[in-house]
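# Remarks on the overall topology
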Amino acid sequence: MSAMDRLRLEAKYRAWSFAMGAAGAFVRTQSRIRRALYPGKEDGLDTVVLLHGLWMGSSCMRVLARCYAAAGYRVVFIDYQCSAEPATVYRAIQRSAVRAASLGSRVHLVGHSCGGVLAVSAWLESQGALDVESILCLGAPLNGSQAARELLGHPAGQRTLGRTGGILCAPIARERPRHGVRQPRIAMLAGTRANGAARWLGVIGKDSDGMVEIAETRWAGLDQHVALDCTHRGLVHRRHVAAIAVAFTSGSALADVASPRLNRAPAGDAGRTSHG
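Residues numbered from 1 in each chain as written. Predicted model: local features only at pLDDT ≥ 70, side-chain atom pairs only at ≥ 80, totals over all residues. Heavy atoms only, no water.

### Description of the packing of aromatic side chains
Short version of the rule: Within 6.5 Å between ring centres, the rings of Phe, Tyr and Trp (the latter by its six-membered ring) count as paired, and their orientation is classed by plane angle as stacked under 30 degrees, edge-to-face over 60, tilted in between. For a ring to carry a charge above it, either NZ of a lysine or CZ of an arginine must fall within 6 Å of the ring centroid while also lying within 35 degrees of the normal to the ring plane.
Per the counting criterion, the structure on display carries 1 aromatic pair. Positioned over the ring face of F248 is R185, at 4.0 Å from the centre of the ring.

If you want it as C-alpha cells, here you go:
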C-alpha cells in the first residue's frame with residue numbers, strides 16, 4: 001500500500017470515527033427520553049432486556065421495544081458507552097435480571113451487534129448465575145469481528161472501538177457450559193444485505209450485512225440461526241424482523257416464523273440447530 005493510499009484510508013477512518021461519535025451522542029440524548037416511554041408493568045410479566053450496538057443508544061431499539069411492549073412484555077433498556085468496561089455492562093445485565101426475578105418475571109435478553117456479544121458473554125461469564133430464558137442476537141459477531149480487528153490498526157479506529165468494542169476482536173468461548181447450568185435458548189438473526197460502513201471501508205466481503213460477516217455470526221453454541229435479507233441497521237429498524245424476534249422470545253422456532261423468502265443458514269456443525 002502506497003503512502004497516499006494509507007493517507008486516504010486513515011482519512012476514511014477519521015471521517016467514520018467522527019460520524020459515529022456525533023451520531024452516538026445524539027442517539028444517547030434521545031435514549032434518555034426514550035427509556036421513560038417504556039417503564040413496563042411490574043406485575044410478573046416476562047421481561048425483555050434490550051442491549052443496543054456500539055456507538056448507539058436505546059432509542060435505536062425503539063421498533064423492537066414497541067413490538068415487545070405490544071405483545072405484553074415488560075421492556076428494559078441497558079445503555080452503555082464504548083468507553084465502558086465489558087464487566088460493567090455484565091453487572092448492569094445481572095442487576096436487571098435480579099430485579100425482574102424479584103417481580104416474579106422471567107428474563108429474556110435481546111442484543112444487536114455488540115449488544116448481542118455482551119449478552120452472550122455475560123451469561124457465559126456468570127457460569128449460570130445469570131438466569132435467563134432466552135438470548136436473541138441480531139447481527140452479533142460472536143466469532144469475532146474482522147472489521148473491529150481492522151479498526152484496531154488505526155488510531156482513529158482505536159478511539160472509535162473503545163474498551164467495550166475490544167470484546168469484538170476475538171471470538172467468545174467456542175462452547176457453552178452444559179453440565180449443572182440451566183440452558184437458555186440462544187439464537188441468531190443475521191443480515192445478508194452487504195450495505196454498511198465496514199463494507200464501504202473495504203474491510204469485509206459481500207457475504208455480510210455491511211458491518212458483520214455472516215460467518216462471524218455462526219457461533220457453535222447457537223440453537224438456531226436464520227439469515228435475513230437485511231442490512232446491519234435494518235435488523236433493528238424493520239418491523240418484520242421485530243415480529244420474528246417477539247415470536248422467538250415467546251417460544252417459537254425461528255424457522256417456523258421466518259418467511260419462506262428468507263435465507264436460512266445453519267449455525268455450524270457443532271451448534272445445536274433447529275432448521276437454521
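### Some details on the pattern of salt bridges
Applied cut-off: A pairing counts as a salt bridge when a side-chain nitrogen of Lys or Arg comes within 4 Å of a carboxyl oxygen of Asp or Glu. Helix and strand assignments come from DSSP, with helices taken as H or I runs of at least 4 residues and strands as E runs of at least 2, each series counted from the N terminus. Partly exposed describes any residue whose relative accessible area lies between the buried limit of under 20% and the exposed limit of over 50%, with all areas from a 1.4 Å probe on protein chains only and scaled to the type maximum.
Tallied over the entire structure, the rule returns 6 salt bridges. A salt bridge links R182 to D131; the nearest nitrogen and oxygen atoms lie 2.6 Å apart. Within this pair, whereas R182 is found in the loop between α6 (155-165) and β5 (185-191), its partner D131 is found in the loop between α4 (114-126) and β4 (134-138), the two being separated by 51 residues in sequence. Judged by its relative accessible area of 46%, R182 falls in the partly exposed class.

### Looking at the side chain of H108
The criterion, for reference: In the analysis that follows, any N or O atom pair within 3.5 Å is treated as a polar contact, provided that within protein one partner can donate a hydrogen and the other can accept it, and provided that, for residues neighboring in sequence, both atoms belong to side chains. Working rule for contacts: check all heavy atoms of both residues, and any pair within 4.5 Å makes them a contact.
The topology assignment puts H108 in strand β3 (residues 107-112). Side-chain polar atoms of H108 contact the side chain of S134, separated by 2.8 Å. Those residues within four positions of H108 in sequence are excluded, and the remaining contacts are D46, T47, V48, V49, Y73, E133, S134 and T249.

### A look at the side chain of R74
Here R74 shows up in strand β2 (residues 74-78). What makes R74 buried here is its relative accessible area of 5%. Engagement of the side chain of R74 in a polar contact is seen with the side chain of T47, the distance being 3.4 Å.

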